[in-house]
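Architecture at a glance
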Amino acid sequence: MTTYENLTAENTRTRTHTWRPRPELTPEILGMSGLDVLRSALKGTLPAASMMSTLGFRLTDVGEGFAVFEGDPGDHLLNPMGTVHGGFLATLLDSALGSAVMTRLPAGTAYTTVQLGVHMIRPVLADTPPLRCEGSALHVGRTTATAEARVVGTLDGKLYAHGTTTCAILRTA
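Below: a short report on this structure. (Residues numbered from 1 in each chain as written. Predicted model: local features only at pLDDT ≥ 70, side-chain atom pairs only at ≥ 80, totals over all residues. Heavy atoms only, no water.)

**Quick notes on the side chain of Ser 53**
Rule in force here: Where helices and strands are cited, they refer to DSSP runs of H or I of at least four residues and of E of at least two residues respectively, numbered from the N terminus. A 3.5 Å cut-off defines polar contacts: any pair of N or O atoms within that distance qualifies, except that in protein one atom must be a possible hydrogen donor and the other a possible acceptor, and neighbouring residues in sequence count only when both atoms are side-chain atoms.
Within the secondary structure, Ser 53 sits in helix α3 (residues 50-55). Looking at Ser 53, its side chain comes within polar contact range of the main-chain oxygen of Ser 50, at 3.2 Å.

Structure (C-alpha cells):
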C-alpha cells in the first residue's frame, strides 16, 4: 500500500470565496419578474446565488427565454479519477436551464427543478479553459416548463455536455 507522506502543509492549497447573503424578500423584490431578478443579479444590485462563488461560475448574460453562465474548472473540483467532477457540469447546466425558465416567469411565480437530464460528452480537466453554458426555455406553461442547454469551451468551442430540464411552476402570490 502506498503512503502519502507528501501530504504536508507545503503542498496544501486553500481556496477562499465570498458571497453576499440572500436579501429579505421585500414587497419590491416579490414584485419583480424572474427576468428582472436575474438582470438585477447580473448588474450587482441583487446578490448572485451563493452556489456560484462556491463552485466558481457566474451569470454573464440573460434575456427573455435564455441565460448564460461561465465557469472555471480547476483542481479544487477534481474527482478521484483526476477529472472535474460531473456535478460541476450538472450544476452549470441546472443553473442555466432553471434561469432560462425563470426569465419567462412573472412576479409572484417561482420554479423548482423536477427532472434534470445530463449528457457528458468529454472530460473536463483541471486545466480546461473556462466553459460557457447557454440555456434556452422551450416551454413555460402554467404548471410546468422545459428547457435545454449546452456547455461549450470558451476557447475551443467544443461541446462538453448538454442537458434538459422539466420544472414545476409555483405560484407564490
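**So, the nonpolar core**
Rules: In plain words, nonpolar cores are sets of buried Ala, Val, Leu, Ile, Met, Phe, Trp, Tyr and Cys residues tied together by side-chain atoms within 4.5 Å. Here's how the labels work: a residue is buried when its accessible area is under 20% of the maximum for its type, exposed when over 50%, partly exposed in between, all with a 1.4 Å probe on protein chains only. Residue contacts follow a heavy-atom distance rule, with two residues in contact if any of their heavy atoms lie within 4.5 Å.
Phe 69, Leu 131 and Val 151 are the most contacted members of the largest nonpolar core, which totals 34 residues. Of all the secondary structure elements, the ones that give two or more residues to this core are α2 (34-43), α3, β1 (57-63), β2 (66-71), α4 (86-102), β4 (131-140), β5 (144-153) and β6 (159-171). Looking at this core element by element, the count peaks at nine residues for α4. Setting aside anything within four residues of it in sequence, one finds Val 151 in contact with Leu 89, Leu 93, Leu 131, Arg 132, Cys 133, Lys 158, Leu 159, Tyr 160 and Ala 161.

**Quick look at the pattern of salt bridges**
Here is the rule we go by: What makes a salt bridge here is a side-chain nitrogen of Lys or Arg within 4 Å of a carboxyl oxygen of Asp or Glu, nothing more.
Taken as a whole, this structure holds five salt bridges when the rule is applied. Glu 70 is paired through a salt bridge with Arg 132; the nearest N and O atoms lie 3.2 Å apart. With a gap of 62 residues between them, Glu 70 in strand β2 and Arg 132 in strand β4 connect regions that are remote in the sequence. Given the relative accessible area of 19%, Glu 70 is considered buried. Here Arg 132 falls in the partly exposed class, since its relative accessible area comes to 25%. Its salt-bridge partner being Glu 134, residue Arg 132 comes within 2.7 Å of it at the nearest N-O pair. Classification of Glu 134 as partly exposed rests on a relative accessible area of 38%.

**What about the packing of aromatic side chains?**
Put simply, the test is: Note on aromatic contacts: the rings of Phe and Tyr and the six-membered ring of Trp form a pair at centre separations within 6.5 Å, being stacked when their planes are under 30 degrees apart, edge-to-face when over 60 apart, and tilted otherwise. Each ring is checked for a lysine NZ or an arginine CZ that lies within 6 Å of its centre and within 35 degrees of its normal; such an atom marks a charge sitting over the ring.
With the rule as written, the count across this model stands at one aromatic pair. With 5.9 Å between their ring centres and 65° between their planes, Phe 57 and Phe 69 make a pair best called edge-to-face. A residue pair is termed long-range when its members are at least 10 positions apart, and Phe 57 in strand β1 and Phe 69 in strand β2 qualify at 12 residues. A relative accessible area of 5% means that Phe 57 is categorised as buried. The ring of Tyr 160 carries Arg 122 above its face, with NZ or CZ at 5.7 Å from the centroid.

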